[in-house]
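Secondary and tertiary structure notes
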Amino acid sequence: MTPGGVVPPETAPTGDIRTIVDQDTTSDRPWLVIVWNDPINLMSFVTFVLQKLFGYSKEKATSLMLDIHTKGRAVVSSGTRDRAELDVYRLHEHGLWATMEQSG
Amino acid sequence: MSSPIKRRRDGRYVIRLDANARIVLANLAAQLPEALESRDPMVRRLFPPAYTADDHAAAEQEYRQLVDSALVNHHVRSLETLVATAEAESLSEEEFGAWLDAVGSLRLVLGTRLDVHEDMDAPDPQDPQAAEYSLYVFLGELQELMVQILAEVLPDEGRPEGAL
């Protein structure tokens, strides 16, 4: 994000091997929607998008934005796979670098 | 200094921009739809992956097939709205939202092309990228002001759980 930021990753860290092997419990674990830090999007814009899309308070959206900015990524929502895909899509519509992965 | 962007009492938005800035914006915005529709590599930043794990390559392919044309249409509609209303005296809520999206798309494309990074200094005026960089800065200032105005009406306490 601007100011500051790191280059967005082309690939996220790969998940735990259990996500491949342990099929029985795979479908039960929630999907996490992650927003990654990027060097272009403004901090104020990221906060605004999180408030607008998820209805988060200004305080919560700001805290998530700061996590993204300082830690490189933050989980912004979680739920079923369909729900996570929809959230990722809405974030992509707003130009945020969002990905999804199943919680491990 | 008062902001050059205002929300009027009738709910319409006024952006104080000189004629040259409007022409520059419209010209920039007019260039992107073709690049989007042909999936030119210059717009790749507008299509981030949803699934990045190696074992989810098939899911990523499905996601792309499902959303890419909607994503293209979304951005193209916004850019076309900006071009059509570049000289308008005031904008509806919907048009203002389209401007925000179009300005954001332009920043992402320009910023990617300029390879902007953390703590980047402005290029030397002699640098061939200097003009493009100042456009990038202009778009950032515009976006910041637009976000300020829009954030004013979002409730600080957020929406009730589950509301859209």
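What comes next concerns the included structure.

On to the interface of chain A and chain B, then. At the interface, 42 residues of chain A touch 42 residues of chain B. Together, the buried faces of chain A and chain B total about 3,400 Å²; carbon and sulfur atoms form 58% of this surface. At the boundary of chain A with chain B, the tally comes to 1 salt bridge. Its salt-bridge partner being Arg45 of chain B, residue Asp38 of chain A comes within 3.5 Å of it at the nearest N-O pair. At the junction of chain A and chain B, the tally comes to 13 residue pairs in polar contact (both at pLDDT 80 or more). Contributions of two or more residues to the side of chain A that touches chain B are made by helix 1 (18-21), helix 3 (43-54), helix 4 (58-71), helix 5 (81-93) and strand 3 (98-102) of chain A. Sorting elements by how many residues they give to the side of chain A that touches chain B places helix 5 of chain A first, with 8 residues. Classifying every residue of the side of chain A that touches chain B gives 18 nonpolar, 14 polar and 10 charged.

The next point concerns the side chain of Gln51 of chain A. The topology assignment puts Gln51 of chain A in helix 3. Apart from residues no more than four positions distant in its own chain, Gln51 of chain A is found in contact with Tyr56, Ser57, Lys58 and Ala61 of chain A together with Leu154, Pro155 and Arg159 of chain B.

This part is about the sheet that holds strand 2 (residues 73-79) of chain A. All names here are of chain A. Within the open sheet, the 3 strands sit side by side as 2-1-3. Their pairing is antiparallel. Edge positions in the sheet fall to strand 2 and strand 3, since each of these pairs with one other strand and no more. Each strand of the sheet is rotated relative to its neighbour by a mean of 30°, with strand direction disregarded. In terms of strand pairing, strand 1 (residues 31-36) meets strand 2 through 6 bridges, oriented antiparallel. Residue Val33 lies in a different strand from strand 2, and its bridge partner there is Ser77.

What follows concerns the pairing of strand 1 of chain A. Residue and element names in this part refer to chain A. The buried fraction of strand 1 amounts to 6 of the 6 residues, a majority that puts the element mostly inside the structure. Examined bridge by bridge, strand 1 and strand 3 share 5 bridges and lie antiparallel to one another. Residue pairing across strands places Val33 opposite Met100, the latter belonging to strand 3.

All names here are of chain B. Running from amino to carboxyl end, helix 2 (residues 57-85) crosses helix 3 (residues 93-113) at an angle of 110°, the nearest separation of the two axes being 8 Å. One finds that helix 2 runs roughly perpendicular with respect to helix 3. Crossing angle aside, the handedness with which helix 2 passes helix 3 is left-handed. Mapping the contact onto sequence places His74, His75, Ser78, Leu79, Thr81, Leu82 and Thr85 in helix 2 and Glu95, Ala98, Trp99, Asp101, Ala102, Val103, Ser105 and Leu106 in helix 3. For the contact of helix 2 with helix 3, the per-class residue count stands at 7 nonpolar, 6 polar and 2 charged.

On to the packing of aromatic side chains. One pass over the full model with this rule turns up 4 aromatic pairs over all chains. Seen in terms of ring centroids, Trp31 of chain A and Tyr51 of chain B are 5.8 Å apart; in terms of plane orientation they differ by 85°. Their pairing is edge-to-face. Pair noted here: Trp31 of chain A is in strand 1 and Tyr51 of chain B is in the loop between helix 1 (19-37) and helix 2, and the two residues belong to different chains. Each member of the pair Trp31 of chain A and Tyr51 of chain B is classed as buried. Pairing Phe54 of chain A with Tyr56 of chain A gives two aromatic rings, centres 5.3 Å apart and planes at 25°, and the pair type is stacked. Tyr56 of chain A gets classed as buried once you look at its relative accessible area, which sits at 15%. We note Arg90 of chain A situated over the ring of Phe54 of chain A; from NZ or CZ to the ring centre the distance is 5.6 Å.

Rules of the game
Residues numbered from 1 in each chain as written. Chains lettered and ligands numbered in written order. Predicted model: local features only at pLDDT ≥ 70, side-chain atom pairs only at ≥ 80, totals over all residues. Heavy atoms only, no water. Contact = heavy atoms within 4.5 Å. Buried area = accessible area lost by both parts, 1.4 Å probe. Salt bridge = Lys/Arg side-chain N within 4 Å of Asp/Glu carboxyl O. Polar contact = N/O pair within 3.5 Å; in protein donor to acceptor, adjacent residues only side chain to side chain. Helix = DSSP H or I, 4+ residues; strand = E, 2+ residues; numbered from the N terminus. Nonpolar A, V, L, I, M, F, W, Y, C, P; charged D, E, K, R; others polar. Pairing = 2+ DSSP bridges. Axes fitted to C-alpha atoms, helices over the stretch in contact; angles between N-to-C directions. Buried < 20%, exposed > 50% of the residue type's maximum accessible area, 1.4 Å probe, protein only. Parallel < 35°, antiparallel > 145°, perpendicular 65-115°, else oblique. Left-handed = near helix turned anticlockwise from the far one by under 90°. Phe/Tyr/Trp six-rings, centres within 6.5 Å; stacked < 30°, edge-to-face > 60°. Lys NZ or Arg CZ within 6 Å of the ring centre and 35° of its normal.

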